[in-house]
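Coordinates in review
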Amino acid sequence: MSMAALFFYLFAGVAVASAFMVISSKNPVHSVLFLILAFVNAAGLFVLMGAEFLAMILVVVYVGAVAVLFMFVTMMLDVDFAELRDGFLQYLPIGALVGLIVLVELVLVVGTWGVGGAPHTVVAKAPIPTDVTNAEALGRVLYTDHLLLFQAAGLVLLTAMIGAIVLTLRERRVGVKRQDIAAQVARSPATAIEVVKVRPGQGLSETGV
Amino acid sequence: MDATAFPALAPALPEIILAVGSLALVLIGAVMGDRSTQLINGLALALLAAAGVAVVVAPDAVTFGGSFVLDGFARFMKIVAFIGAYAALLLSFDYMERLKFARFEYAILVVLSTLGMALMISAHDLIALYLGLELQSLALYVIAAINRDDERSTEAGLKYFVLGALSSGMLLYGASLVYGYTGAVGFADIAEALKGGEASLGLIFGVVFLISGFAFKVSAVPFHMWTPDVYEGAPTPITAFFASATKVAGMAMFVRVIMEAFPSVTSEWRQVVVFVALASMALGSFAAIGQKNLKRLMAYSSIGHMGYALVGLAAGTPEGVRGVMIYLAIYVAMTLGAFACILSMRLKDGTYVESISDLAGLSRTKPAMAFVLAMILFSLAGIPPLAGFFAKFYVFYAAVNAGLYPLAVAGFVLSVVGAFYYLRIVKIIYFDEPTVAFEPMSFGGKAVLTIAGGFTLLYFVYPGPLTAAAGAAAQSLF
């Protein structure tokens, strides 16, 4: 067995096992930790396929940001997962039915690929460049051919951010303490320090401070 | 591959102006806060005007790796959409000021939404189309709910958001099926891949899903359910924006995708478009009869008008596309005029009313406004020699020439049914006893009503330029 195959089975096996643990562990924090393990193993699989850029993005974005966000949410919201699972057996038949339908659909999709005749593809697929790294290949098209799409996606995100702020931010005028940099900078020893003479044996309260 | 190859930016000049300008406005607003509202409102108007000029001077080309195109069609539609956005902005300032929810973000969101429309109109592949659509829609969801202390406004925003997200999902599903069965996202490439072959079932599924998504965005039956609620709930000037500019952009993307990507599967999409057009015309005519609220009535009216415009698309000829373009231009003018009137229904105590019975006796309290409103309503009903008649004439003419006789006849009959509820309002304006008196109109309202009313009334005197421009622009899709 070659090295690559060995690592493939290692990553794939751990990914599947940890994915199973995500849904079966009792503690939600453990679930999120197993989710991170699954992500890292998926990243390993990407590296094996030669998609190192995608692997790094997976680690940086999903593990670094999304999973941490999940962790915060599960820790902050006091969700009683035992209670949520109470009706599990009650809904099992419906869940099993839905699962069965999805399974049948998947089998149909795989079995009858190309329903209603062959695809009309005539457009040649772009060859996979071998002389450049993933990141460079992506960067070349992302900022040239797909410049418009890239910038438009950025504007969509900006709009979403403005929208979230417009709809939710309420300025509280009273009782808000803000940093006043000018006041901080304008402080001088005269306004910030008070020199108190404390005689031995006397407490601070007795000096009148 | 040349790593330094950079796409030509000149054709996207209007979009660049809007994008950079809106970023500048965000900065001004962030630094100055709500004091900057007036300034940002003015600058937003200036930006839209500048973008409109840029549309005229930018060169025709396909750029950004084939995902963006500026041609006659895009130019015409963009100008109409910009006019709609400009007028809607003009109408809103006074209203928002009076109802105390004026915020500087509003104008910025309208500019961003207009930018999304421009991208939709110019999209030349499915990805650019989707991104433009999302940019437009996201901003629209927010401005529907911008009066966040008003229950109806937030309800409208939420409903629009949930249903809009659903329809975007359908559109994406259709787009991915089309991509799966053609291996291309560019409209020209899709048309190339489909040339000469029999359309496969999967591809037809994709086309139908795409059309469903488009029908939702232009609020055509059977995807119209959200329209009356959203139109009624959203603040009135924002409803004017929804009913004018948004419809133009949605229709433009509908026409471009169908005409550029699927010219060789005409028989497949035509039956869907014919059904959607028929159902929209019928629902727009019958469901509006029982309405008491003017904004709801305008919602059903816009559903019906989208049906008429789709008759032109169903023809699938340059004539038909020309009909759609003229229809939209005239529809935008009529709608903006009608909304300028609805926005002037302000009582002495500062509240706005919007029910049809409040218009009773308007001819005695405000004869000039009553006359223009009556003319706009006649025009919406399609009575000659007003502009609305010509709009319907061009689409039906194209449908007859394309051999779609039943559709054209049904359209004629349904427009007679639709005329009933427009004429009922005219009757209320002229023959009922006045109950309430309205305050004078705002400056923006007067300006919009004068121009829209003048255009509607006098279009028949000199229809040449618009018809010729639309005719030349329609050719760019064939």
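Note that this is a predicted model, so its numbers are computed, not measured. All residue numbers refer to position in the chain's written sequence, counted from 1. The order in which chains are written sets their letters, starting at A; the order in which ligands are written sets their numbers, starting at 1. It should be noted that, the model being predicted, local features are given only for residues of pLDDT at least 70 and side-chain atom pairs only at 80 or more, the latter also being counted only at that level, while totals for whole chains, interfaces and linings use all residues. Remark: hydrogens and water are excluded; side-chain values derive from all non-hydrogen atoms of the structure.

**Details of the overall build of chain B**
The way it works is that DSSP assigns letters per residue, a run of H or I at least four long becomes a helix, a run of E at least two long becomes a strand, and they are numbered from the N terminus. Across its full length, chain B holds 19 helices and 2 strands. In this treatment the radius of gyration is a C-alpha quantity, and the globule benchmark scales as 2.2 Å times the residue count to the 0.38 power. Taking 2.2 N^0.38 as the reference for a compact globule, 478 residues should give roughly 23 Å; the C-alpha atoms of chain B span a radius of gyration of 21 Å, in line with that estimate. Structurally, chain B occupies a C-alpha span of about 70 × 60 × 40 Å along its principal axes. Split into buried and exposed, the 478 residues of chain B put 63% on the buried side. Throughout, a residue-residue contact means that at least one pair of heavy atoms, one from each residue, lies within 4.5 Å. Taking the intrachain contacts of chain B between residues at least 6 apart in sequence as the baseline, contacts between residues at least 24 apart amount to 80%. Shrake-Rupley sampling with a 1.4 Å probe provides the accessible areas, and residues are treated as covered by the protein chains on show and by no other component. When the accessible surface of chain B is split by element, carbon and sulfur atoms take 70% of a total near 16,200 Å². Partly exposed describes any residue whose relative accessible area lies between the buried limit of under 20% and the exposed limit of over 50%, with all areas from a 1.4 Å probe on protein chains only and scaled to the type maximum.

**Here's the deal with the pattern of salt bridges**
Should a side-chain nitrogen of Lys or Arg be within 4 Å of a carboxyl oxygen of Asp or Glu, the pair is scored as a salt bridge. This model, assessed by the stated rule, comprises 18 salt bridges over all chains. With a closest N to O distance of 3.1 Å, arginine 140 of chain A and glutamate 136 of chain A form a salt bridge. Placement of the pair is arginine 140 of chain A and glutamate 136 of chain A together in helix α6 (residues 134–142), with a separation of 4 residues, close to one helical turn. On the accessibility criterion, glutamate 136 of chain A (37% relative accessible area) is partly exposed. Close ionic contact of aspartate 60 of chain B with arginine 75 of chain B constitutes a salt bridge, the shortest N to O distance being 2.9 Å. Pair noted here: aspartate 60 of chain B is in the loop between α2 (37–57) and β1 (61–63) and arginine 75 of chain B is in helix α3 (residues 72–98), with a separation of 15 residues, a long-range link. For arginine 75 of chain B, a relative accessible area of 19% puts it in the buried group.

**Points about the confidence of the model for chain A**
In the predicted model, chain A carries a mean pLDDT of 83, and 85% of its residues have values of at least 70. Scored from 0 to 100, pLDDT reflects the predictor's confidence in each residue. For chain A, the element scoring lowest by mean pLDDT is helix α10 (residues 204–207) of chain A, at 64; helix α7 (residues 147–168) of chain A scores highest, at 93.

**Quick word on the environment of leucine 194 of chain B**
Position of leucine 194 of chain B relative to the elements: it lies in helix α7 (residues 187–194). Sequence-wise, leucine 194 of chain B and valine 265 of chain B are 71 residues apart; in three dimensions their C-alpha atoms are separated by 7.8 Å.

**Description of empty space enclosed by the protein**
Residue and element names in this part refer to chain B. In this analysis, the protein atoms alone were mapped onto a 1 Å grid. Cavities are point sets where a 1.4 Å probe fits without being able to get out; pockets are open sets with protein on both sides within 12 Å along at least five of seven lines; lining residues have an atom within 4 Å of a point. Grid points are joined across faces, edges and corners, and a volume is the space filled by probe spheres set on the points. By the definition in use, this model includes 6 cavities of 30 Å³ or more. Estimated volume of the largest cavity: approximately 100 Å³. Looking at the largest cavity, it is lined by 13 residues, and the ones nearest its centre are Asp94, Leu343, Ser344, Tyr352 and Ser442. Elements with a minimum of two residues in the lining of the largest cavity: α3 and α13 (318–343). Broken down by element, the residue count for the lining of the largest cavity peaks at 3 residues, all from α3. Of the residues contributing to the lining of the largest cavity, the split by class is 7 nonpolar, 3 polar and 3 charged. Classification used: nonpolar for Ala, Val, Leu, Ile, Met, Phe, Trp, Tyr, Cys and Pro, charged for Asp, Glu, Lys and Arg, polar for all others including Gly.

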